[in-house]
Amino acid sequence: MFEIKRREKMVERALLVGAYPTPADKADAEDLLEELGELVRTLGVPVAEKMAVHSREPQARYFLGSGKAEEICEHAREIGCDVIIFDNELTPAQQRNWENLSKITVIDRQEVILDIFGARAQTKEAKLQVDLARMNYSLPRLTRAWGHLGKQGGGIGSKGEGESQLEQDKRKIRGQMDRLRRDLVEVRRNRANQRKDRKRAPVPNAAIVGYTNAGKSSLLRRLTGADVLVENALFATLDTTTRKINLPNRRPLLLTDTVGFIRKLPHQLVESFNATLEEAVMADFLVHLLDASHPRVLEFHATTMHVLEDLGADAKKTLTVFNKVDRVEDPMTKAMLRNAHPDALFVSVHSGEGLDALVARLAEFVGEENSELLLEIPHDRSDLVARLHREGVIHETEYLEAVTRIRATVPPRLRESISPFAVV
Ligand SMILES: Nc1nc2c(ncn2[C@@H]2O[C@H](COP(=O)(O)OP(=O)(O)OP(=O)(O)O)[C@@H](O)[C@H]2O)c(=O)[nH]1
Ligand SMILES: [Mg+2]
C-alpha cells in the first residue's frame, strides 16, 4: 500500500507567514498566526518566528509579490528555518514555486491540520477519513516530494522523476482512494446500524459541538463519567463518543462528544468527516460549548455556526454554553458575552460552577420536546405510523374509519412531521 506517513526526519524550525489585504486586517492575521503557531507546535515543530505580511491582493506566482517572496526566503535562511508555513491557502503551483525559490519545504495551514488529524486518528473510521482527505489534498501536489517532512522524501513522486512515473503514481493513488471509499462505506454502515439501535428507543440525544479546545470532552466526562481524552491541545478528539446521562426529571439523554472546529478547516476534511459530523446533524438538539476565557470567543462562535450551516444543522435548537468561567477575571468579559448571547449559560467544567443549571436546562429541553401526544393519522400516512413505531413509543392504538388514533411519546426529531396530526 502506498505509504503517506513517511517521517524519518522532522523539520526543525518553522517560519510562519500570514498575509492580510488591508491594514485593518492585521490584528486578525496576527491572531490567526498565533493559532497556526499552536497547530504547528501540536505537530512538534518549534516556531522560530511569525510574520504578518501586508499584501493587497493575491498574486498568481507566490500568492505574495515576488519581491516580498524573495525577502521572506532570505529571512528564512538568515534565521535558519527549514520550513515556511503559510496561514493562507496556497495552490499546488504556488507551493511548488515557493519551494523552488526557497529550496526548503513550504506548506500551508491546511496541510498542518491534515497532518495533525493524521497523527491523531485512532479508530478505523477516523484513519480512513484522514487518509482520504490527505490523498485528496496531495494528489495535485504530487510533482513535489511526497512526505515533505521526511528528508528522505524519496520514492513515489520525487522531484525529477519522469512524467510517466508520475502518471502511474497518480493512478495508483486514485485506486487506493477508491478502496478507502469502499472501506469507509462498510465502516459507516456499521455505525448507522448502531445509531438505528439507539433510535429504536425514544431516547433524545444532544451533540456537544464547538471550537477545538473549548472543553467538550471535559464536559462529557464530567457529566457522564465517560473515559474520553481531555487535552490542552487542538483536535484532541477526532471520534464521536456517546454516553447516557440521567436527568433530574428521571429522563435519559444521550450526549455525544464531537470533533472540534477551527477557522479555515480544510474542506477535504469537512468532506471526509461528514459522516462523523453527521452526529451533530442527527441530534435532537445541540450544546454549543465555548471557551469564555478566550479573547476570540465570539469569532469562534461564528466559525462553529458556519460549519453547522454547511452541515445543515444551524437551525437546530441550541443551548449556548460559555465554559471556563473560572479563568475569566474581567467582569466586563462576562457582561459582554451575556449581552451578545442573552440566553447562554456560564459554567466551569473544572470548578463545577453552573453545571447544575446546565443539567436543569437540558432536562427542560428534553421535557419540552419529548412529549406524549395524542395523534390522529390518516391512513395514507402509514409511513408516519411506521416511523412512530421505529423511533417513538406507542402507548395506545385505535383504528377509526378515517384515521388511526395513537397515543405516543414522540422524539423531537419527529415532532415537525407529526405535529399537524396532533389532537389538542
Ligand atoms: N480552566 C479551565 N479549563 C478547562 C475547563 N474545561 C476544560 N478545560 C481544559 O481545556 C482543555 C481542553 O479540554 P477538552 O475537553 O479536551 O476540549 P475539547 O473541546 O474536547 O477539545 P478538542 O477535542 O480538541 O476539540 C483541557 O486542558 C481541559 O482541562 C474549565 O472549566 N476551566
Ligand atoms: Mg475533545
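As shown above, the structure is provided for reference.
Right, let's walk through the structure included here. Along each chain, residue indices are assigned from 1 in the same order as the chain's sequence is written. Chain letters and ligand numbers both follow the written order, the letters beginning at A and the numbers at 1. Local features in this predicted model are restricted to residues whose pLDDT is 70 or higher, and side-chain atom pairs enter the listing and the counts only when it is 80 or higher, whereas totals over whole chains, interfaces and linings include all residues.

1. Remarks on the overall build of the chain
Counted only if it meets this: Note on conventions: DSSP H or I runs of at least 4 residues are helices, E runs of at least 2 residues are strands, and numbering of each starts at the N terminus. Burial is judged by counting other C-beta atoms within 10 Å of a residue's own C-beta: 20 or more means buried, 12 or fewer means exposed, and anything between counts as partly exposed, with every C-beta placed from the backbone. Our contact criterion uses C-beta atoms placed from the backbone: two residues qualify when those atoms are within 7 Å.
Helices and strands together make up the secondary structure of the chain, namely 14 helices and 13 strands. Buried residues in the chain amount to 37% of all 424 residues. Once local pairs closer than 6 in sequence are excluded, the contacts in the chain between residues at least 24 apart make up 68%.

2. Some details on the sheet that holds strand 1 (residues 14-20)
We apply this condition: By the convention used here, strands pair only if DSSP detects at least 2 bridges between them. To get an axis, a line is fitted to the C-alpha atoms, and for a helix only the part in contact is used. The angle between two axes follows their N-to-C directions and goes from 0 to 180 degrees.
With parallel pairing, the 4 strands of this open sheet are ordered in space as 2-1-3-4. Edge positions in the sheet fall to strand 2 (47-54) and strand 4 (105-108), since each has one partner strand and no second. Sheet twist, expressed as the average angle between the axes of neighbouring strands with direction ignored, equals 20°. With 4 bridges connecting them, strand 1 and strand 3 (residues 83-86) associate as parallel partners. Residue A14 lies in a different strand from strand 3, and its bridge partner there is V83. In the packing of helix 4 (residues 109-120) onto the sheet, the strands contacted are strand 3 and strand 4, and the crossing angle to strand 4 comes to about 85°.

3. A few points about the site of ligand 1
Applied cut-off: For each residue, a C-beta atom is placed from the backbone, and the residue is labelled near a molecule or strand when this atom is within 6 Å of it.
Taken together, the neighbourhood of ligand 1 is formed by 22 residues, with G215, S218, N232, T237 and G260 sitting nearest. In terms of residue count, the dominant contributor to the shell around ligand 1 is helix 7 (residues 216-224) (3 residues).

4. Considering helix 5 (residues 124-138)
To be explicit about the condition: Every helix has an expected span of 1.5 Å times one less than the residues it contains.
The end-to-end C-alpha separation of helix 5 is 21 Å, in line with the 21 Å expected for 15 residues at 1.5 Å each. Listed as buried for helix 5 are E125, A126, L128, Q129, V130, D131, L132, A133, R134 and S138.

5. Concerning unusual backbone geometry
Despite not being glycine, F63 shows a phi value in the positive range, around 75°. Relative to the helices and strands, F63 resides in the loop between strand 2 and helix 2 (66-78). You can call F63 buried: it has 24 C-beta atoms within 10 Å. A positive phi angle, close to 60°, is found at F235, a residue other than glycine. Mapped onto the elements, F235 comes out in the loop between helix 7 and strand 6 (241-246).

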